[in-house]
Amino acid sequence: MKIISRKKGPLINRDHLTAYLFLAPWLIGILFFTLWPFITSFIMSLQETNLFSTKFVGLDNYRALLSDRRFIKSLKVTIKFVVISVPLKLSFALFIAMLLKDKIKGVNFFRSALYLPSLIGTSVAVAAMWTQLFGPSGLINDILGIFGIQGKSWIANPKTALYVLVILVVWQFGSSMVIFLSGLKNIPVSLYEAAEIDGANKIQSFFYVTLPMLSPIILFNLILQTIGSFQTFTQAYIITKGGPINETLFMVLYIYNKAFTASEMGYASALSWVLLFVILIVTGLIYWTSKYWVYYES
Amino acid sequence: MLKKRISFLIIALLILTLSVSVFAQEKIQLRVSWWGSETRHQATLDAIALYEELNPHVDIIPEYSGFEGFRNKLFSQVMAGNAPDIFTTVMEWYPDLRDADAMVDITGMVDVSGHNPMYVEACSLDGKMYGVNLSVNGMVLIQNNTLLEKLGVEPLEAPYTWDEMVAKFQEVYEKSNGRVYGAPDFTANPEGMGFDIFKYYGYSVLGYEDAFPFDNDKFTINKEDIQSFLQFFADMRETNAIAPVDISAMNDFSANSLLIQNLTAYEINYAGTFGRYQDQTTDDLQPLPMPVGPNGESGDLARPGLIFSVSKNSKHVEEAAKFIDWFTNSPEAAKILKTSRGILPTEVQRAAMLEAGSEISAVDEKVMRVMDEILQREFKLAYVGPSGHAEISSIILPEISQMIGFGLMTPEEGAEEIMMEIK
Amino acid sequence: MNYKQKRILKHAFLIVFTLLMLYPVIWLFLGSVKANHEIFTPGNIFPSEWLWSNYKKGWNAIPGYTFGNFFINSFKISILIVIGSVFSTTLAAYAFARLEFPLKNFLFTVLMATLMLPQQVLLVPRYVLYSRLGWVNSYKALTVPAFAAQFSGAFFIYLLVQFIRGIPRELDEAAVVDGCSQFRIFWNIIMPNCKPAIFSVALFAFMWSWDDFLNQLLYINDVGKYTVSLGLRLFLDNAAAVSWGSLFAMSILSLVPVVTIFFLAQNFFVEGIATTGVKG
């Protein structure tokens, strides 16, 4: 177990075996539970297939994508959604986590209460209450009515529909908040004390202590939220159905429509693999920039 | 001693399990799946219990859920070859189920002499009966009488023409000073009735006699038909007879229902949904048959509500068919099932239910009355359409209609676009 | 502004903000004690009559079962998934964060890629696979993959990797010098030091399996084995009337276990690190 022994020796040595032993459950999972569905979906992407009859068409599905205006639209909508919702949600979650990290009166209550929206998930009940808020006779319009502004449906308006969904996902900021909270708690108090001795005020210590120390967690949340945001489906599926005029037609909703409404499983699979590569590239870029702003202790 | 006792116990247990398993083998197990809400679950379970009592050799395993995800589950089961012996389906799923070879031809195994032949035909493909209708259903215009009275508008009475309906919609808008529209824009919302109204429109207004807008394999319409329909809606939008797209696009039959929120005085949906609307408001709602053409032409379809089909992988097709036969023909079943799936499919059953029926609610009575009226009109055969046509009805039509509503397209361009998608 | 004023201001802000954030939940709750015809019609947000009976009706709505059955089933599944996820993902995360092995970068990319393919196109192939294993209509299809770090496993592994990277290497290098095995380092040094992260994994695993719907629907046929989220959908037909009050009442109840767990356990995970004090 000498550190030097890691660098030389046979291709697989005892250390490597130990490592693979640690990885074993996950590796078994990949091989037995994930690989086969993945391969199947890739093969399907090369076929013209409704659920049941198939014909090999090579890259035709991928070629057809290029002239599919709904695909282009959905890609644009999805990217717009990711770019707006991810930073908003993360800064929101970090802001609340900063407020709730210290022991103040009732902090347990506030943490739980603010986590509640994320626990509700995306059920029919959520759809009902969200549309009640933003519908033509919803709360928002009632409030605007007090000021004499006559609002229409925010959800059915092509200019605002996407933002209604942005507000919904930002509202469910709980899981990012929890991760930030545990990250904030991991920052040694001594660092803050040192900063204070050096004469830093609260804002300075946030930028010079909190942010750098939290950067691995920020990176994590950023990457995960980006992936999750690219895959947003349920919110649009239960609330806007992709409309109006495709302004909320997220990629995964389009994939779902193609797979289960139009019964074009092959095309849907091709779309999925394109989405995988888009996400891979975007997260790869984020990862690449991380060496400039993420600080690791070790 | 103890050892002896234990070995005796083991032997006894062995014999017991053996005899149980032998006994169990004699019983025929049938898996039956359906979706619904608690009333339907209870009624169906009660009916199953009675059937098991009458047929002690059959053991029915109920598999029920809500509607959400039911289709995904059914198609996954079909792909894996473990679909239930009897499953619930609707006409829209027929093309895919046919392609998957998922259903058995049960012609001659279920007595359908009491069923309306048009419905039997609708459940068949290429002369093979792939399922049996569980409820007759029809499209209705739902009218809010309370709201109309408040606005001082005379309610419509059947029969009425398309022009009279549109005029009524406009009157609602005018009398309410623009607060209430006649009806939602049915074409503008993905869950809306737009495409089904289009089917009705083809027979009632465009003069088609059969197979509109598609038969069992392909579309049969041309650009002019679509354009005429889109123009009809564009005109209604122009005169505020129907609500603008940015209100209508999210219309549904619960949280966002324009009818329930008193934003419209009318709505079109299937008779089977009337109870849901009425349950959500204290206003007095009334279902009316759909409008007729200038010479009284209607376009009602013999469209099955829910269908029971027998799975290809079932080992007991005969027994499954026997259960369906009992479920759709017997008076005893009718007395238990009542209106849990809408209006019962056979005359015998409807009569049996009324006979027993001290518990028919006011809502059910309204539905039954309007269905009686509709069933007396001329009927058209309902076709299942080509595979994947749901994309046209629930995705492309609303999209095009929204674009026209927002002024991004003319009805002519919209019709061209839809024709292109059909191809 | 002195310290006390600041604190009061912060509290006032938190209270107003929390109320605002909870408005939809409050709406849901008020809906759970309303009659059906009052829920979606315009008018007062408060019920004209508080119908607590919706809770009783909802609890017993499904013939032959109560929601008690569904709660127990949900607990069984969620607890198994929590145990499985914590077991499998901590091990894998340690390997990715601290150990060197061939194909490490490739495997890490594979790990991330499993998060990136939309689940929708995997539904049917996965169902066929599990049904060949004979796992349909049992909890195996839902729980066994958790022991192999599948479903949300990749998310958890990545979360833990980020945390373990934040733990000073000097700690385990000291242990290496002391002759500890990798497993001892994992167990005695890494595990105690990423308690908050492990707690997050457990919490998310619990919550997501509690909320999961489509997988549970696909793999469970028998209503006796139904979970809460399947039970809630049993109210919902696509045409017939829906008892919204009862549905909302059960939706509110379904939140109780998760909120309670979060409320009780948060101190353990937030304060946990302060008491171990390794890094201070």
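Please read all numbers here as calculations on a predicted model, not as lab measurements.

Observations regarding the environment of Gln278 of chain B
All names here are of chain B.
Then step 1. As for its placement among the helices and strands, Gln278 is situated in helix α11 (residues 274-279).
Then step 2. Look at Gln278 and you get buried, because its relative accessible area is 13%.
Then step 3. Placed 154 residues apart in sequence, Gln278 and Ser124 show a C-alpha to C-alpha distance of 34 Å.
Then step 4. At 3.1 Å, the side chain of Gln278 and the backbone nitrogen of Leu285 are in polar contact.

Examining the interface of chain C and chain A
Then step 1. Every contact between the two is made by 98 residues of chain C and, on the other side, 95 residues of chain A.
Then step 2. In this assembly, chain C and chain A are joined by zero salt bridges.
Then step 3. There are eight residue pairs in polar contact (both at pLDDT 80 or more) connecting chain C and chain A.
Then step 4. Partitioned by chemical class, the residues of the side of chain C that touches chain A number 73 nonpolar, 14 polar and 11 charged.

Remarks on the packing of aromatic side chains
Residues and elements named next belong to chain B.
Then step 1. Per the stated rule, a full pass over the model turns up 83 aromatic pairs over all chains.
Then step 2. Aromatic side chains Phe308 and Phe327 sit 5.2 Å apart centroid to centroid with 55 degrees between the ring planes, which places their arrangement in the tilted category. Residue Phe308 is located in strand β12 (residues 307-310), and its partner Phe327 is located in helix α12 (residues 317-329); the two are separated by 19 residues in the primary sequence. Comparing Phe308 with Phe327, the two get one shared label, buried.
Then step 3. Against the face of Phe75 rests Arg71, its NZ or CZ located 4.4 Å from the ring centre.

Brief notes about the domain arrangement of chain C
Residues and elements named next belong to chain C.
Then step 1. Annotation of chain C at the domain level lists domain 1 (1-61 + 235-267) and domain 2 (72-233).
Then step 2. Of note, the centres of domain 1 and domain 2, computed from C-alpha atoms alone, are 31 Å apart.
Then step 3. Taken together, the 12 residues of domain 1 in the interface contact 10 residues of domain 2.
Then step 4. The junction of domain 1 with domain 2 conceals about 900 Å² of combined surface from both sides, 80% of it contributed by carbon and sulfur atoms.
Then step 5. Linking domain 1 with domain 2 are zero salt bridges, by the criterion used here.

Let's talk about the sheet that holds strand β3 (residues 86-89) of chain B
Strand pairing within a sheet occurs via backbone hydrogen bonds; the two strands may be parallel or antiparallel.
Residues and elements named next belong to chain B.
Then step 1. With mixed pairing, the five strands of this open sheet are ordered in space as β2-β1-β3-β12-β6. Of all strands in the sheet, those with a lone pairing partner are β2 (58-65) and β6 (132-133), marking the two edges.
Then step 2. When β3 meets β12, the two strands line up antiparallel, connected through four bridges. Looking across to β12, one finds that Phe87 is bridged to Ser309.
Then step 3. Of the strands in this sheet, β1 (28-35) and β2 touch helix α2 (residues 38-54), which is tilted by about 175 degrees from β2.
Then step 4. Its contacts with the sheet put α12 on β1, β2, β3, β6 and β12, and the angle it makes with β12 is roughly 165 degrees.

Examining the interface of chain B and chain C
Then step 1. On the chain C side, the residues contacting the 37 residues of chain B number 35 residues.
Then step 2. Carbon and sulfur atoms supply 57% of the area buried between chain B and chain C, which totals about 3,200 Å² over both sides.
Then step 3. Contact with chain C buries area across many residues of chain B, yet Glu38, Lys73 and Arg276 of chain B alone supply 19% of it, more than any other trio.
Then step 4. Seen at the junction of chain B and chain C, the total is two salt bridges.
Then step 5. With a shortest N-O distance of 3.2 Å, Arg40 of chain B and Asp237 of chain C are connected by a salt bridge.
Then step 6. At the junction of chain B and chain C, the tally comes to 17 residue pairs in polar contact (both at pLDDT 80 or more).
Then step 7. Counting residues per element, the side of chain B that touches chain C draws most heavily on helix α3 (residues 70-80) of chain B, at seven residues.
Then step 8. Of the residues belonging to the side of chain B that touches chain C, the class tally is 10 nonpolar, 19 polar and eight charged.

A short note on the packing of helix α8 (residues 174-185) of chain A against helix α8 (residues 153-165) of chain C
Then step 1. Contact geometry of α8 of chain A with α8 of chain C gives a least axis separation of 12 Å together with a crossing angle of 20 degrees. Judged on the interaxial angle alone, α8 of chain C and α8 of chain A are roughly parallel. Every pair of crossing elements has a handedness; the one defined by α8 of chain A and α8 of chain C is right-handed. Seen from α8 of chain A, the contacting residues are Ile179, Ser182 and Gly183 of chain A; seen from α8 of chain C, they are Phe155, Leu159 and Phe163 of chain C.
Then step 2. Among the residues making up the contact of α8 of chain A with α8 of chain C, the classes are represented as four nonpolar, two polar and no charged.

Thresholds, definitions, all that
- Numbers given to residues run from 1 along each chain, matching the order in which its sequence is written.
- To read the labels, note that chains go from A and ligands from 1, taken in the order they are written.
- Local features in a predicted model are, by the rule used here, given only for residues with pLDDT of at least 70; side-chain atom pairs are given and counted only at 80 or more, and totals for whole chains, interfaces and linings are based on all residues.
- With hydrogens and water excluded, all non-hydrogen atoms of the structure serve as input to the side-chain values.
- Numbering of helices and strands starts at the N terminus; helices are DSSP runs of H or I of at least 4 residues and strands are runs of E of at least 2.
- Working definition: with a 1.4 Å probe on protein chains only, accessible area under 20% of the residue-type maximum means buried, over 50% means exposed, and in between means partly exposed.
- Counting of polar contacts relies on pairs of N or O atoms within 3.5 Å, with two restrictions inside protein: one atom must be capable of donating a hydrogen and the other of accepting it, and residues adjacent in sequence are counted only when both atoms are side-chain atoms.
- Any pair of residues with heavy atoms lying within 4.5 Å of one another is described as a contacting pair.
- Any Lys or Arg side-chain nitrogen found within 4 Å of a carboxyl oxygen on Asp or Glu counts as a salt bridge.
- All residues other than Ala, Val, Leu, Ile, Met, Phe, Trp, Tyr, Cys, Pro, Asp, Glu, Lys and Arg, Gly among them, are scored as polar; the first ten of these are nonpolar and the last four charged.
- Aromatic contacts are taken between Phe, Tyr and Trp rings whose centres are within 6.5 Å, Trp giving its six-membered ring; a plane angle under 30 degrees counts as stacked, one over 60 as edge-to-face, and the others as tilted.
- Placement of a charge over a ring requires the Lys NZ or Arg CZ to be within 6 Å of the ring centre, with the centre-to-atom vector within 35 degrees of the ring normal.
- Residue ranges labeled as domains rest on an automatic or database domain assignment.
- Buried area is a sum: the accessible area each of two parts loses on coming together, probed at 1.4 Å, counted once for each and added.
- Should DSSP find at least two bridges between two strands, the strands are regarded as paired.
- Between the N-to-C directions of two axes lies an angle of 0 to 180 degrees, each axis being a line fitted to C-alpha atoms and, for a helix, fitted only over the stretch in contact.
- Each angle gets one of four labels, with under 35 degrees taken as roughly parallel, over 145 as roughly antiparallel, 65 to 115 as roughly perpendicular, and the rest as oblique.
- The crossing is said to be left-handed when, going from far helix to near helix, the turn is anticlockwise and less than a right angle, and right-handed when the turn is clockwise.

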